[in-house]
Amino acid sequence: ATRKPQVAVRVSAAMPVSGAVRVVVQRNGRTVATRTVVLSGGRGVVRLPRLARGRHVVVASYLGSATVDTSSTRTAVRIR
């Protein structure tokens, strides 16, 4: 049985962090999945749909709060 991949996100700042993170998965420049997770203690876990084998780019974007600015980062992952 194949498991659905999941992405763990963490947002840290000088003060407690709340809000949400949007996770976008892209393959060959096209978006194949988008999920949003509400943070708890600055952390969250997003379950993604099953993804095709190959290289994907994951972009995690913190949507900001009243006290913390927006931020985003990207990384490449390989599904085998």
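Below is a short write-up of the structure. Given the structure is predicted, the values throughout are model-derived calculations rather than measurements.

A few words on the overall build of the protein chain. On a plain count of helices and strands, the protein chain comes out with zero helices and six strands. For the protein chain, the succession of helices and strands along the chain, N to C, is β-β-β-β-β-β. Its C-alpha atoms put the protein chain at 40 × 30 × 15 Å along the principal axes. For the protein chain, with 80 residues in total, the buried portion stands at 32%. Contacts in the protein chain between residues at least 24 apart in sequence constitute 52% of all its contacts with a sequence separation of at least 6.

Sheet strands pair via backbone hydrogen bonds, and the direction of the pair is either parallel or antiparallel. Read across the sheet, four strands follow the order E3-E2-E5-E6 without closing on themselves; strand pairing throughout is antiparallel. Looking at strand neighbours, the two that pair on one side only are strand E3 (30–38) and strand E6 (71–79), the edges of this open sheet. When strand polarity is set aside, the average angle formed by the axes of neighbouring strands in this sheet is 20°.

Turning our eyes to something else, we now look at the layout of surface pockets. What the largest pocket holds in volume is close to 270 Å³. Taken together, 19 residues make up the lining of the largest pocket; nearest its centre are Arg10, Val11, Ala60, Ser72 and Thr73. Elements with a minimum of two residues in the lining of the largest pocket: strand E1 (6–10), strand E5 (54–62) and E6. The residue inventory of the lining of the largest pocket, partitioned by class, reads 11 nonpolar, six polar and two charged.

Criteria and thresholds
- Residues numbered from 1 in each chain as written.
- Predicted model: local features only at pLDDT ≥ 70, side-chain atom pairs only at ≥ 80, totals over all residues.
- Heavy atoms only, no water.
- Helix = DSSP H or I, 4+ residues; strand = E, 2+ residues; numbered from the N terminus.
- Buried < 20%, exposed > 50% of the residue type's maximum accessible area, 1.4 Å probe, protein only.
- Contact = heavy atoms within 4.5 Å.
- Pairing = 2+ DSSP bridges.
- Axes fitted to C-alpha atoms, helices over the stretch in contact; angles between N-to-C directions.
- 1 Å grid on protein atoms, 1.4 Å probe; cavity = no way out; pocket = protein on both sides within 12 Å on 5 of 7 lines; lining within 4 Å.
- Points joined across faces, edges and corners; volume = space filled by probe spheres on them.
- Nonpolar A, V, L, I, M, F, W, Y, C, P; charged D, E, K, R; others polar.

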